[in-house]
Amino acid sequence: MTTRLTVLDSSRVDAFPAVDKALEYPNGLLAAGGDLSVERLMLAYRHGIFPWYSDGEPILWWSPDPRMVFRTDRIHAPRRLARSLRNCTWQVRADTAFRDVMHACAQPRPDQPTTWISGEMLHAYGQLHDAGHAHSIEVFDGDGLIGGIYGVAIGRMFFGESMFGTVSGASKVALLALCHVLALWRWPLLDAQIQSDHLETLGATTMSRADFTEEVAGLVEKPGPTGSWTTRFPRIDIAGLTGR
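The following paragraphs examine the structure supplied in this document. Every chain is numbered independently, its residues counted from 1 as its sequence is written. At least 70 in pLDDT is required for a residue's local features to be given in this predicted model, at least 80 for side-chain atom pairs to be given and counted, and no such filter applies to totals for whole chains, interfaces and linings, which use all residues. Side-chain metrics in this entry use all non-hydrogen atoms of the structure; hydrogen atoms and water are not considered.

Details of the sheet that holds strand S9 (residues 157-165)
Then comes step 1: Strands sit in the order S6-S7-S8-S9-S10-S5-S11 across an open sheet of seven strands; the sheet is mixed. Each edge of the sheet is formed by a strand with only one pairing partner; in this case those strands are strand S6 (91-94) and strand S11 (205-207). Between one strand axis and the next, the sheet turns by 35° as a mean value, whatever way the strands run. Any two strands are treated as partners once DSSP identifies two or more bridges connecting them. Helix and strand assignments follow DSSP, with helices taken as H or I runs no shorter than four residues and strands as E runs no shorter than two, numbered in order from the N terminus. Under this scheme, a helix contributes an axis fitted over its contacting stretch, all axes are lines through C-alpha atoms, and angles between N-to-C directions fall in the 0 to 180 degree range.

In structure tokens form, the structure reads like this:
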């Protein structure tokens, strides 16, 4: 049987195909083409769809099955990390260095020599941030940015995109802080997209695509804060995040 992949028209923002039309292999590939306008990205995330592609490829849109998620009130810190953060003096902030976090996430890594966070993606998510829909959580040691995570917020749903750390534990602190605050705000779910053994050590689990999209459909319609999180994000006790 031949499967045709839907090609989106970049001249208008039409509805995406139903996510159950996504391919089994590669897992979750749903559509190609279109653009990365704020309107299209918001439409995609509302339906549990995200862009992921490399330079030289058309824009590819995905909705994998299963989906990796964090229940924000169930994330946990490994014991080794908890011990290392007992006397931590790092600071956690929000939306003070969004583009710096994205650029840091785009840097090559030992196990990932190339990046999917292209100049096109940097520009698109910068526009989402300026519109109040994309946010970053940043970890600072003094004046130095040492870790962070960024993603998209709609209603009471947060869609994680990428995180980084230049110091051991810094990326985990950003994730722990984000989940802690989302739980305080009664946002129950953080999307982590693709299944990962590393994220499972922090408490991530998988959901079927059907269950995920059903829950997301309700959460994105609930009222949530819009605009910058800089003053809205509470002060974080890093040692307290680890339960020590």
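Some remarks on the nonpolar core
Then comes step 1: For our purposes a nonpolar core is just a set of buried Ala, Val, Leu, Ile, Met, Phe, Trp, Tyr and Cys residues, chained together by side-chain atoms within 4.5 Å. Only protein chains enter the calculation, and the probe is 1.4 Å; a residue is then buried if its accessible area is under 20% of its type maximum, exposed if over 50%, and partly exposed in between. Counting 47 residues, the largest nonpolar core has Trp 61, Ile 117, Tyr 125, Tyr 150 and Phe 159 as its most contacted members.
Then comes step 2: In terms of residue count, the dominant contributor to this core is helix H4 (residues 119-130) (five residues).
Then comes step 3: With 38 residues, the next largest nonpolar core counts Ala 77, Trp 90, Leu 176 and Ile 236 among its residues.

So, the pattern of salt bridges
Then comes step 1: By definition here, a salt bridge exists when the distance from a side-chain nitrogen of Lys or Arg to a carboxyl oxygen of Asp or Glu is within 4 Å. Evaluated as defined, the whole model comprises eight salt bridges.
Then comes step 2: For Asp 14, the salt bridge goes to Arg 12, with nearest N and O atoms at 2.5 Å.
Then comes step 3: Residue Asp 14 is classed as partly exposed on the basis of its relative accessible area, which comes to 32%.
Then comes step 4: For Asp 191, the salt bridge identified is with Arg 67, shortest N-O distance 2.9 Å. Taken together, the positions of Asp 191 in strand S10 (residues 189-193) and Arg 67 in strand S5 (residues 67-71) put the pair 124 residues apart, joining distant regions of the chain.
Then comes step 5: For Asp 191, a relative accessible area of 0% translates into the label buried.
Then comes step 6: Judged by relative accessible area, which is 1%, Arg 67 ranks as buried.
Then comes step 7: When salt bridges that share partners are traced, they join Asp 9, Arg 12 and Asp 14 into one network.

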